[in-house]
Amino acid sequence: MSYKEYYKTRYNEEVKEPNQPLLIHKDRRTGAEIALIPELCQVTGLTDAMRADFRLMKDLAEIVHTNADRKVAECRNLLEIFNTNPKCQEKQKLWHLKFKENPAQLKGFKYQAGKMVMGAKGSGDRNAFDIEASARDIDRKIQDKMFEQPALKTWGIFHGDRDAQIAKQFTSTMEQVLQQFGYESAQPEIFQVKGGMNATAWTKELKAKLNPNVQAVVLLMPGAKGKNTLYDDVKRFLLTEFPVPSQVVLCNTIAKGKNLRSIVNKILIQINAKIGGIPWTVDNLPFMDKPTMVCGMDVFHNTALGKKSVLALTASVNNSATKYFSTSVIQTELGQEAALSLQEGMTKSLEAFKKANNGTYPARIIFYRDGVGEGQVAGICQPEVAQIQAAVAKLGLSTQLMYVNVCKRVNTRIFGGDVGAFKNPMPGTVIDSAITDRDAYEFYLVSTAAKQGLASPTRYTVIHDGIGESPDKIELLTYKLCYTYYNVSGSIKEPAAIRYAHRLAALIGERGGKGKEPPQPHADFEVKDPTLYFI
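Treat the numbers as computed from the prediction; the structure is a model and nothing was measured.

Criteria and cut-off values
Throughout, residues of each chain are indexed from 1 in the direction in which the sequence is written. In view of the model being predicted, local features appear only for residues whose pLDDT reaches at least 70, and side-chain atom pairs are presented and counted only at 80 or more, with totals across whole chains, interfaces and linings using the full set of residues. As a rule here, side-chain values come from all non-hydrogen atoms in the structure, and water together with hydrogens is ignored. In this text, helices come from DSSP runs of H or I with a minimum length of four residues, and strands from runs of E with a minimum of two, each type numbered from the N-terminal end. Put simply, the radius of gyration uses C-alpha atoms, and a globule should come to 2.2 Å times the residue count raised to 0.38. In this scheme, a residue with accessible area under 20% of its type's maximum is buried, one over 50% is exposed, and one in between is partly exposed, where area comes from a 1.4 Å probe on protein chains only. Take the buried Ala, Val, Leu, Ile, Met, Phe, Trp, Tyr and Cys residues and link them wherever side-chain atoms come within 4.5 Å; each set so joined is a nonpolar core. Two residues form a contact once any of their heavy atoms are found within 4.5 Å. Lines are fitted to the C-alpha atoms to define the axes, a helix being fitted only along its stretch in contact, and any angle between axes, read from their N-to-C directions, falls within 0 to 180 degrees. When describing relative orientation, an angle under 35 degrees is termed roughly parallel and one over 145 degrees roughly antiparallel, while 65 to 115 degrees is termed roughly perpendicular and anything else oblique. Here the term charged refers only to Asp, Glu, Lys and Arg, the term nonpolar to Ala, Val, Leu, Ile, Met, Phe, Trp, Tyr, Cys and Pro, and the term polar to all other amino acids, Gly among them. Given the number of residues in a helix, its expected span is that number minus one, multiplied by 1.5 Å. Here, the arc refers to the directions that run from the helix axis to the C-beta atoms. When DSSP locates at least two bridges between a pair of strands, those strands are taken to pair. Convention used here: a crossover is right-handed provided that the path from the first strand, over the helix, to the second strand proceeds clockwise when the strands point away from the viewer.

Caption draft 1: Structural context of the overall build of the chain. Regarding its fold elements, the chain presents 16 helices and 20 strands. The globule rule puts the C-alpha radius of gyration for 535 residues at 24 Å, and the 26 Å found for the chain is close to it. Dimensions of the chain, computed from C-alpha atoms along their principal axes, come out at roughly 75 × 65 × 50 Å. Counting over 535 residues, the chain shows a buried share of 46%.

Spelled out as structure tokens, the structure:
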């Protein structure tokens, strides 16, 4: 039977062009091949032109990002079809199913995020404000003196030979921002890159001008977001050959002039974090009455592009969980999720904690692990727990461990309000019963306020608990840590330790590819005082 006959017989589809080439899809794992007829294929996704169409995206958002009341109404319509369709009724009787008209009522808890603590005022008292009372105003309130600001004594700005005016505009705005933040800073050295569209010209200029004492560099690069060809090559160079924290700013962003002051404010916050400063902390973190290390781990995958998996581990070294030691390992196999080198990474993390805390090792480890599905827990999480315990035992410690698996991709939706007036739950809402697994220690947390559509909770499953404190402590700690990610002024969907691990893994993994090894960060990044150089 020909393909033409098959599609006519099986799908009643008429193939009009008999001489067209076939598209072959090959499964990477099994090697099985599937032939597709181009004439019958449809392009999916959104083109750049579609994304640039404001009206189209607005109309699409109303469908995709529906609100709570509309979502419940859609579910009711579906259930009505189930209850009126004869075939569905037959299956319901066979399976002994019965659907309720309204969502199940659950008992939850609303935790308070506490206060965000900034730098000291003239009186010497630190500036602090209530996070939830200032929810709409956080972005403005953090544009002030930061919690810890290391002096910027040796830093530089590099720009292309066509962008001298943009560099002048950026430098002028940065001077104003430094004054606003009360930031101690020397004048930056300004360097012009001749042939600024060429990656080799950038690396040559950086090699000539950088030295080990440079704290940070700002790179004003030509090009638009997502279309900058220089970024990968220059980032790879600064990761592997010159371990200097860098901040890339696209010239188009500066040239527009729109919200420039606000943009440069955020750039300074990032630079501060990248050189070892602390933009802000959140007060009264649970567990911190004893030396506690908060860890985050993620694995980068992109097997479709032939990129090797990269494991990244971050570990806090202070009692506000805002300074992180980081390490990474390039996995030997494509798509490898299991962390076979975790023991070595944890040993390094424990030593880094000891170095930062006058010879004291952590009494507790709170370990957040991202990216492991339910079916993989036994094969991945349990061996990782054993590796962490082995690292602790090797150093002769009695450190207590809590290992938490984090799952952001969940289908569960939680509504606040009541029938007829459903709404998104408030950030800090936790459900730890009724919808959780009876045999597991887990909870759902809504940590962000959805500006559009439905808020999506994150599920946390405690795989190992060697600490034995009440569940409310880990629930509250998890929520508070969602506010300590320095690329966002509010909260994110998971604790900052995981997002930092994700950023480090992606920074390394995305620079690799077919026939191209991912870059291994320079050893100095692990040896020197911990910084968030990768955010």
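Caption draft 2: Spotlight on the nonpolar core. Core analysis: the largest hydrophobic core is formed by 84 residues, its most contacted members being Phe170, Met174, Ile366, Tyr368 and Tyr500. If sequence neighbours within four positions are ignored, Tyr500 has contacts with Thr314, Tyr324, Thr484, Tyr485, Tyr486, Leu532, Phe534 and Ile535. In terms of nonpolar packing, the next biggest core, distinct from the first, is built from 24 residues, Met293, Leu313, Met346 and Val392 among them.

Caption draft 3: Up close: the packing of helix H4 (residues 68-84) against helix H5 (residues 86-95). In contact at an axis separation of 5 Å, H4 and H5 are set at 85° when each is read in the N-to-C sense. Relative to H5, H4 is oriented roughly perpendicular. Two secondary-structure elements touch here, H4 through Phe82, Asn83 and Thr84 and H5 through Pro86, Cys88, Gln89 and Gln92. Looking at the contact of H4 with H5 residue by residue, the classes come out as three nonpolar, four polar and no charged.

Caption draft 4: Structural view of the environment of Tyr444. With respect to the secondary-structure elements, Tyr444 resides in strand E19 (residues 441-446). Placed 15 residues apart in sequence, Tyr444 and Thr429 show a C-alpha to C-alpha distance of 8.2 Å. Leave out the neighbours within four places in its chain, and Tyr444 touches Thr412, Ile414, Thr429, Val430, Ile431, Ile435, Thr436, Pro457, Thr458 and Arg459.

Caption draft 5: Quick look at helix H13 (residues 377-394). In this model, H13 (18 residues) spans 25 Å end to end at C-alpha, consistent with the 26 Å of a helix rising 1.5 Å per residue. Regarding H13, the residues found buried are Val377, Ile380, Cys381, Glu384, Val385, Gln387, Ile388, Ala391 and Val392. In an axial view of H13, the angular spread of the buried residues amounts to 160°, which keeps them on one side of the axis. In H13, the exposed positions angled more than 90 degrees off the buried face are occupied by Ala378, Gly379, Ala393 and Lys394. One or two steps after H13, the chain reaches Gly396, where phi turns positive at roughly 70°.

Caption draft 6: Looking closely at unusual backbone geometry. Unusually for a residue other than glycine, His96 sits at a positive phi of about 55°. If you trace the backbone, His96 turns up in the loop between H5 and strand E3 (109-110). Classification of His96 as exposed rests on a relative accessible area of 73%. For Ala321, which is not glycine, the phi torsion reads 50° and is therefore positive.

Caption draft 7: Representation of the sheet that holds strand E4 (residues 115-120) in the model. If you trace the three strands from one edge of the open sheet to the other, you get E5-E4-E10, paired in antiparallel fashion. In this open sheet, the two strands that pair with only one neighbour each are strand E5 (126-130) and strand E10 (281-282). Here E4 runs beside E10; their pairing, made up of two bridges, is antiparallel. Looking across to E10, one finds that Met116 is bridged to Val282.

Caption draft 8: The side chain of Thr171, seen in detail. By the element assignment, Thr171 lies in helix H7 (residues 164-180). The contacts of Thr171, once residues within four sequence positions are left out, are Ile157, Pro188 and Ile190.

Caption draft 9: Representation of the sheet that holds strand E9 (residues 246-250). In space, the four strands of this open sheet follow the order E7-E6-E8-E9, with parallel pairing throughout. Two strands close off the open sheet at either side, each with one partner strand: strand E7 (189-193) and E9. Adjacent strand axes in the sheet meet at a mean angle of 20°, parallel and antiparallel pairs treated alike. Where strand E6 (residues 155-160) and E7 come together, five bridges link them in parallel fashion. Residue pairing for E7: Gly160 is matched across the bridge by Val193. Seen against the sheet, helix H11 (residues 260-274) touches strand E8 (216-221) and E9 and runs at an angle of roughly 160° to E9.

Caption draft 10: Structural detail: the pairing of strand E14 (residues 364-370). The element E14 is largely enclosed, with a buried count of seven among its seven residues. Alternating positions in E14 separate into two faces, Arg364, Ile366, Tyr368 and Asp370 on one and Ile365, Phe367 and Arg369 on the other, with burial throughout. Across seven bridges, E14 lies against strand E15 (residues 400-407) in parallel orientation. Across the sheet, the residue bridging to Tyr368 is Val404, located in E15. The β-α-β motif built from E14, the intervening H13 and the parallel element E15 has right-handed crossover chirality.

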